[in-house]
Amino acid sequence: MIDLDRLFEKSTRNIARRTSRRSLLSLTGKLIAGGLALPLLPVERANAGPPTKGKNASDTGAPIDPGDPQSCEYWRYCAIDGYLCSCCGGTTSSCPPGTEMSPITWIGTCINPGDGRAYIISYNDCCGRSSCGRCRCNRNEGERPMVRPQANNDINWCLGTQSAAYHCSTAIILGTATGSKP
Amino acid sequence: MRGGRLMLPALLVLLASAAAAGGSNITFIGVAQPERARVNWVLKCQGCHRPDGSGSPHTAPALAGQVARFVGLPGGREYLGRVPGVADAALDNKELAELLNWTLQRFDRGHLPPNFRPYDAAELAALRRAPLRTDASQMRRTILQAPHAIR
C-alpha cells in the first residue's frame, strides 16, 4: 500500500511540476470544441446510410407504396405525360424551388401494386421555368384522342398559374377510387 | 413544442373527418350512390373545375354558387346536359345523370328550384346526342342574359 501511495504522490507531483493551470484550460477547451465538431465530419454522414437521391422519405421502401419515384415504372405514373418532378428537384407531391403548382390538373386512376387498389392521382404540373428535361415519362394509360379534349393529355396543363411555361409533373394521391370504373 | 406543432394537423384531420361524416347525412335526390358520384366528380370534373368548384378562367366556368341557376332558366336545363364536359364524359347515362344531380346539390343547393326534378338516364341520353362544342359559351351567355334570369 505504501508503494501505491508513493507512486501516486510521485506521479501527481510530476504532473504538477510539468503542467500549468492554463494548459488544463487549453486541453478542456480542445475537448469541448472537438466534441462539438465531431458530428460535422463526413464520417458520421457516411454511416447514416446510402444517399436517398432526393426521394420522399415515405416513398422509399414502404411495402404500401412500392417502387422508385424517380423511375417511369413507378405505379403512380400510369397516366403521366411529362418530366418527373422527383428528378427535377421536387418530389411526387411538391414542385421544385422556383416553380408554381398548377391548380388545374390531369386526373386519373392507377393500381397500387402494394395493396391492389385503384388510387385517384392528380398530375399537377409545375410551371414557371422551362422544361426540366430529366426523366421524360409518357405512359398516358387510358388517354383518349384529341377529339375528346376532356380525356386528352396532350395539352399544356399550366393553367391558372402566373406562367404557362411547363417544367415538370407531380403525381399526388387524392384518394381511392372505390366503386367506380377508371 | 414539437408536440404542440403536431396538434394542429391532427385537429384538422379530426375536423375534416367530422365534416365528411356530416356531409354524408345530407340527402341528394336523384343520386343512388353519393360516394360513386363524388369519385366520378373527382375523376371527370375536378381537374378543371377545381375541388371547390371555383372553376378556371376561359375553360371551365365556376360551378359553386352558380350551376343550379340554369335549372330554372329557359333552355338552361337542356344546356347543362349538352355542355362538352357533361355530354362527352366517359360515363354511361345512369352514372352521368347521378353525377349531374350530385353536382347541382353539392355546389349550388341554394339556387335549386324547390320543385327540382332530378335528371334521369333517358333525359341525359337524349341531351348528350346533341353535344355543344365551341358554341357552348355563347349559349351560356344567352341563357344568363334572359330578362328573368336569377342573379
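Look up a bit, the structure's there.
These remarks concern the structure in this document. (Residues numbered from 1 in each chain as written. Chains lettered and ligands numbered in written order. Predicted model: local features only at pLDDT ≥ 70, side-chain atom pairs only at ≥ 80, totals over all residues. Heavy atoms only, no water.)

Counted by the stated rule, this structure contains 10 aromatic pairs over all chains. Aromatic pair W106 of chain A and W157 of chain A: ring centres 5.9 Å apart, planes at 50 degrees, arrangement tilted. In this pair, W106 of chain A sits in strand β3 (residues 106-111) while W157 of chain A sits in the loop between β6 (136-138) and β7 (166-169), placing the two residues 51 residues apart along the sequence. Among the aromatic residues, those joined into a cluster by ring pairs are Y74, W75, Y77 and Y119 of chain A. Just above the ring of Y119 of chain B sits the side chain of R77 of chain B; from NZ or CZ to the centre is 4.3 Å. (Phe/Tyr/Trp six-rings, centres within 6.5 Å; stacked < 30°, edge-to-face > 60°. Helix = DSSP H or I, 4+ residues; strand = E, 2+ residues; numbered from the N terminus. Lys NZ or Arg CZ within 6 Å of the ring centre and 35° of its normal.)

Counting residues at the interface gives 18 residues for chain A and 18 residues for chain B. Buried surface at the junction of chain A and chain B, summed over both partners, amounts to about 1,400 Å²; 56% is from carbon and sulfur atoms. Taken together, chain A and chain B are joined by zero salt bridges. On inspection of chain A and its partner chain B, the count reaches one residue pair in polar contact (both at pLDDT 80 or more). Mapped onto the side of chain A that touches chain B, the elements with two or more residues apiece are β3 and β8 (172-176) of chain A. Tallying contributions element by element places β3 of chain A first for the side of chain A that touches chain B, with three residues. (Contact = heavy atoms within 4.5 Å. Buried area = accessible area lost by both parts, 1.4 Å probe. Salt bridge = Lys/Arg side-chain N within 4 Å of Asp/Glu carboxyl O. Polar contact = N/O pair within 3.5 Å; in protein donor to acceptor, adjacent residues only side chain to side chain.)

What follows concerns the sheet that holds β3 of chain A. The sheet built from three strands is open, its strands ordered β3-β4-β8 (chain A) with antiparallel pairing. The open sheet terminates on both sides in strands that have one partner only, identified here as β3 and β8 of chain A. On average, each strand axis in the sheet is inclined to that of its neighbour by 35 degrees, with strand direction left out of account. Two elements, β3 of chain A and strand β4 (residues 118-123) of chain A, share six bridges in a ladder whose sense is antiparallel. Among the inter-strand pairings, I111 of chain A is bridged to a residue of β4 of chain A, identified as A118 of chain A. Running at roughly 140 degrees to β3 of chain A, helix α2 (residues 34-49) of chain B makes contact with β3, β4 and β8 of chain A of the sheet. (Pairing = 2+ DSSP bridges. Axes fitted to C-alpha atoms, helices over the stretch in contact; angles between N-to-C directions.)

Glancing now at the pattern of salt bridges. Oppositely charged side chains are able to pair whenever their charged atoms sit close together. Residues and elements named next belong to chain B. Tallied over the full model, the rule gives 10 salt bridges over all chains. Notably, a salt bridge pairs E98 with R36, separated by 2.8 Å at the nearest N-O pair. Taken together, the residues E98 in helix α5 (residues 93-108) and R36 in helix α2 connect sequence positions 62 residues apart. Across the pair, R36 and E98 agree in class, each one buried. We note a salt bridge from R117 to E123, for which the minimum N-O separation is 3.9 Å. Taking the relative accessible area as the measure of exposure, E123 reaches 19% and is therefore buried. Each of R36, E95 and E98 takes part in one network of salt bridges that share partners. (Buried < 20%, exposed > 50% of the residue type's maximum accessible area, 1.4 Å probe, protein only.)

All names here are of chain A. Read across the open sheet, the three strands follow the order β2-β5-β7; overall the sheet is antiparallel. The open sheet terminates on both sides in strands that have one partner only, identified here as β2 (100-101) and β7. In terms of strand pairing, strand β5 (residues 125-127) meets β7 through three bridges, oriented antiparallel. Counted as the bridge partner of D125 is S169 from β7.

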